[in-house]
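Topology and contacts: notes
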Amino acid sequence: MSDAVPEPVARETDGGPSEARAPEHDPAAPAPLDVPRAPTGNAEVDARLARLADADHLATDGHVEVYEDVHRGLRDALTALDARPGPPVPPSQHENRS
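Keep in mind that what you see is a predicted model, and the values were worked out from it rather than measured. (Residues numbered from 1 in each chain as written. Predicted model: local features only at pLDDT ≥ 70, side-chain atom pairs only at ≥ 80, totals over all residues. Heavy atoms only, no water.)

Applying the stated criterion to the full structure yields 4 salt bridges. Arg51 is paired through a salt bridge with Asp54; the nearest N and O atoms lie 2.7 Å apart. According to the relative accessible area criterion, Arg51 is partly exposed, its value standing at 23%. As a salt-bridge pair, Arg72 and Asp69 come within 3.9 Å of each other at their nearest N and O atoms. With Arg72 and Asp69 both in helix H2 (residues 60-83), this residue pair falls 3 residues apart, about one helical turn. A single network of salt bridges, built from pairs that share partners, joins Arg48, Arg51, Asp54, Asp69 and Arg72. (Salt bridge = Lys/Arg side-chain N within 4 Å of Asp/Glu carboxyl O. Buried < 20%, exposed > 50% of the residue type's maximum accessible area, 1.4 Å probe, protein only. Helix = DSSP H or I, 4+ residues; strand = E, 2+ residues; numbered from the N terminus.)

Below you can see the structure in the form of structure tokens.
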């Protein structure tokens, strides 16, 4: 008994159109996720969310870089919102009386 696996036998064909092979599906190939993204009204946030579409054309191992870039940009946008001064605080109606 032999442990060797037999090699597949190649069949010869006349090469006609009926013998043309359809491309095989490669599950590891990049495929668009087609996730809808609704505009937020904030140009900076919308630009970051649009960047997510770049992952559609990358293999899975390239997604991390895109996701981290988008996360960093969204975090920076939120931080910038926190740094903006808010509306002035109205004066208190109850002042300290000593």
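The next subject is a nonpolar patch on the surface. Taken together, the side chains of Leu33, Val35 and Tyr67 make up a nonpolar region of the molecular surface, amounting to roughly 290 Å² of accessible area. Tracing the chain through its elements places Leu33 in the segment before helix H1 (43-51). (Patch = residues over 30% accessible without salt bridge, like charges linked within 9 Å, V, L, I, M, F, W, Y side chains within 5 Å. Areas by Shrake-Rupley, 256 points an atom, 1.4 Å probe, with all protein chains shown as cover.)

For the rest of this paragraph, the subject is the side chain of His63. Tracing the backbone through its elements, the reader meets His63 in helix H2. Beyond its immediate chain neighbours, meaning those up to four positions away, His63 contacts Ala55 and Leu58. (Contact = heavy atoms within 4.5 Å.)

The next thing to look at is the packing of H1 against H2. Interhelical geometry of H1 versus H2 gives an angle of 170° and a closest axis separation of 9 Å. By the angle between their directions, the pair H1 and H2 is classed as roughly antiparallel. Between H1 and H2, the contacting residues are Glu44, Val45, Arg48, Leu49 and Arg51 on the first element and Val66, Asp69, Val70, Gly73, Leu74 and Ala77 on the second. For the contact of H1 with H2, the residue count by class is 6 nonpolar, 1 polar and 4 charged. (Axes fitted to C-alpha atoms, helices over the stretch in contact; angles between N-to-C directions. Parallel < 35°, antiparallel > 145°, perpendicular 65-115°, else oblique. Nonpolar A, V, L, I, M, F, W, Y, C, P; charged D, E, K, R; others polar.)

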